[in-house]
Amino acid sequence: MTERLYYNNAYLTEFDAQVLACKALEEGFDVVLDRSAFYPTSGGQPFDTGLLGGARVVDVNVEDGVVHHTVQSELKVGERVRGVIDWARRFDHMQQHAGDHMIAGALHRLMGGVTIGLHVSSDVSTIDVAMPEGVTRISPEDVRRIERDVNEHIQRDVPIRCWFPDDAELQTLPLRKKPTVSEHVRIVAIGDDEMVACGGTHPSSAGQIGLVKIVSVTPARGKMRVAFLAGMRALGDYFRVSEAAHGAAEMLTTGVDSLTASVGALQEKLKAAEFELVRMKKEALETTAQKLLEAAETLPCGARLAAGFVDADAMLLRDAVSAMIARPGVIALLGAKNGDQAMYVFGRSADVDVNMGALLRDSARPLGGKGGGRPDFAQGGGCEAILQAACETLKKG
């Protein structure tokens, strides 16, 4: 068993220990000490990093009460080494873990939610919550209610206490949920209304968390997943959001409080402009299609060939060809350029016996393009030369 120093002092950043074992791994060495302040990955909280006897610690895990440190350099068995914890990483994890407890406690007290899992990543932390009646979402108002409750506790700087009660005391404690272990149960209490078994590291008071912000609430495998930020992560998020909001407000020459309304009005104007643009493009395309029909060349098969490139998106291109082949005796081959590539729609009137799918496929494939479809209507894409190749095929009869 490794004596875990972080249990009694989460603020311990340096310690001395004896090397009990050092085993070579594929990458680095697995080191076991008689005592350690390095937190191993467990309970959803990531491991600590730092230095051990000058060797960088890149992973820490625990097995059967023994803490294993993965280091980049070999250490001698029996020697005394000094461990140095990466405090910035440790304190960030302490803030996230305490924030998790406070959100979980508020969800339990105010809404009956039961937290079943925590995950602290390098950017955002998440907890999965089983809500009453299988609820997987809550309203924005409820999210604000939880945030307000948590941050009021933080502002009051309620104490955070971590200890190992004896069996008698453990039976009397108002725990939020039943411990998952039966021996060496460690309790974390935050203020007077949050208490649960936990082996993680936490600040000594809630004020050191600084701020907690819920960033999303989404369904996840039948549960409700709450993503949040605590401490400097939450402050960094505030900086990013504030700068973005003020920047957008300045661009729209409005205040931040009026930003939502201004963006809504701008969206309505954009929709109207897009509608008008589509109308104008459709009118221009109809004019172009009419000119192509007027200049259509009669093919050996007797049909008139209307072909060319037009300014249109895929939907307008299909609509234009459909309108052109509504007339008898027409083969319409239209393309729309996009850089050095183009998309194509080929179509023919019902009284014309030419396979459009085969025509487009056989014209595109030798030129690295692709396409196909029904005998009367086909779509595809590739280089600009495909249109010319299809026209030449039709002219040959």
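Here is a short report on the structure shown in this document.

For helix 8 (residues 385–396), built from twelve residues, the straight-helix expectation of 16 Å at 1.5 Å per residue is met to within 8% by its first-to-last C-alpha distance of 17 Å. Listed as buried for helix 8 are Ile386, Leu387, Ala390, Cys391 and Leu394. Here the buried residues of helix 8 occupy an arc of 135 degrees about the axis, which is enough to place them on one side. Exposed side chains of helix 8 directed beyond 90 degrees from the buried face belong to Gln388 and Lys396.

So, about the sheet that holds strand 10 (residues 125–130). Adjacent strands of a sheet pair through backbone hydrogen bonds, lying either parallel or antiparallel. Strand order in this open sheet of four strands is 9-10-15-14, and the pairing throughout is antiparallel. Edge positions in the sheet fall to strand 9 (114–120) and strand 14 (212–220), since each of these pairs with one other strand and no more. Ignoring which end each strand starts from, the neighbouring axes of this sheet average 25 degrees apart. Pairing of strand 9 with strand 10 involves six bridges; the strand directions are antiparallel. Within the sheet, the bridge partner assigned to His119 lies in strand 10 and is Thr126. Those strands touched by helix 1 (residues 87–111) are strand 9, strand 10, strand 14 and strand 15 (223–230), and its axis lies near 135 degrees from that of strand 15.

What follows concerns the packing of helix 5 (residues 259–294) against helix 6 (residues 314–324). Packing of helix 5 against helix 6 brings their axes to within 10 Å, and their N-to-C directions diverge by 40 degrees. Regarding the angle of helix 5 to helix 6, the classification is oblique. In this structure, the crossing between helix 5 and helix 6 has a hand that is right-handed. Only Leu316, Ala320 and Met324 of helix 6 make contact with helix 5, whose side of the interface consists of Lys281, Lys282, Leu285, Ala289, Leu292 and Leu293. Among the residues forming the contact of helix 5 with helix 6, the class breakdown is seven nonpolar, no polar and two charged.

Moving on: unusual backbone geometry. For Glu133, which is not a glycine, the phi torsion comes out positive at approximately 60 degrees. Residue Glu133 is classed as exposed on the basis of its relative accessible area, which comes to 82%. Its identity is not glycine, yet Asp157 carries a phi of approximately 55 degrees, on the positive side. Counting through the fold element by element, Asp157 comes out in the loop between helix 2 (140–155) and strand 11 (160–163).

Turning our eyes to something else, we now look at the environment of Ala320. Its place among the elements puts Ala320 in helix 6. Spatially, the C-alpha atom of Ala320 lies 74 Å from that of Leu12, the residues being 308 residues apart in sequence.

Attention shifts here to helix 4 (residues 232–251). With 20 residues, helix 4 should cover 28 Å at 1.5 Å per step; its first-to-last C-alpha distance of 28 Å lies within 8% of that length. Turning to helix 4, its buried residues number three or more, namely Arg233, Ala234, Gly236, Asp237, Ser242, Ala245 and Ala249. In the stretch just after helix 4, Thr253 is the one whose phi turns positive, near 50 degrees.

Strand order across the open sheet formed by six strands is 16-17-18-19-21-20, with mixed pairing between neighbours. With partners counted over all chains shown, the strands left at the sheet margins are strand 16 (297–298) and strand 20 (370–373), one partner each. With four bridges connecting them, strand 20 and strand 21 (residues 377–383) associate as antiparallel partners. Looking at strand 21, one finds that Gly373 is bridged to Ala378. Where helix 6 meets the sheet, it contacts strand 17 (304–309), strand 18 (330–338), strand 19 (341–348) and strand 21, and its direction lies at approximately 165 degrees from that of strand 18.

A word on the packing of helix 1 against helix 2. The relative placement of two packed helices comes down to the angle between their axes together with the axis-to-axis distance. Where helix 1 contacts helix 2, the two axes come as close as 9 Å, and the packing angle between them is 120 degrees. Considering the angle they form, helix 1 stands oblique to helix 2. Between helix 1 and helix 2 the crossing geometry is right-handed. Two secondary-structure elements touch here, helix 1 through Met102, Ile103, Ala106, Leu107, Arg109, Leu110 and Met111 and helix 2 through Asp142, Arg145, Ile146, Asp149, Val150, His153 and Ile154. When grouped by side-chain class, the residues that make up the contact of helix 1 with helix 2 number nine nonpolar, one polar and four charged.

So, about the environment of Ala378. Mapped onto the elements of the fold, Ala378 is located in strand 21. A residue is classified by how much of its surface remains accessible, and Ala378, at 1% relative accessible area, is buried. Separated by 22 residues in the primary sequence, Ala378 and Met356 place their C-alpha atoms 5.8 Å from one another.

A complete count under the given rule lists 21 salt bridges for this structure. For Glu276, the salt bridge identified is with Arg279, shortest N-O distance 2.4 Å. Note that Glu276 and Arg279 are positioned in helix 5 at a spacing of three residues, about one turn of the helix. Each of Glu14, Asp16 and Arg82 takes part in one network of salt bridges that share partners.

Among the secondary structure elements, His68 is positioned in strand 7 (residues 66–71). Only 3.0 Å separates the side chain of His68 from the side chain of Asp30, close enough to count as a polar contact. Apart from residues lying up to four places away in sequence, His68 is in contact with Asp30, Val31, Val32, Asp59, Val60, Asn61 and Glu63.

Pairing between strand 19 and strand 21: seven bridges, direction antiparallel. Within strand 21, the residue paired with Phe346 across the bridge is Ala378. Between strand 20 and the antiparallel strand that follows it, strand 21, lie three residues.

What counts and how
- Residues numbered from 1 in each chain as written.
- Predicted model: local features only at pLDDT ≥ 70, side-chain atom pairs only at ≥ 80, totals over all residues.
- Heavy atoms only, no water.
- Helix = DSSP H or I, 4+ residues; strand = E, 2+ residues; numbered from the N terminus.
- Expected span 1.5 Å × (residues − 1).
- Buried < 20%, exposed > 50% of the residue type's maximum accessible area, 1.4 Å probe, protein only.
- Arc of directions from axis to C-beta.
- Pairing = 2+ DSSP bridges.
- Axes fitted to C-alpha atoms, helices over the stretch in contact; angles between N-to-C directions.
- Contact = heavy atoms within 4.5 Å.
- Parallel < 35°, antiparallel > 145°, perpendicular 65-115°, else oblique.
- Left-handed = near helix turned anticlockwise from the far one by under 90°.
- Nonpolar A, V, L, I, M, F, W, Y, C, P; charged D, E, K, R; others polar.
- Salt bridge = Lys/Arg side-chain N within 4 Å of Asp/Glu carboxyl O.
- Polar contact = N/O pair within 3.5 Å; in protein donor to acceptor, adjacent residues only side chain to side chain.

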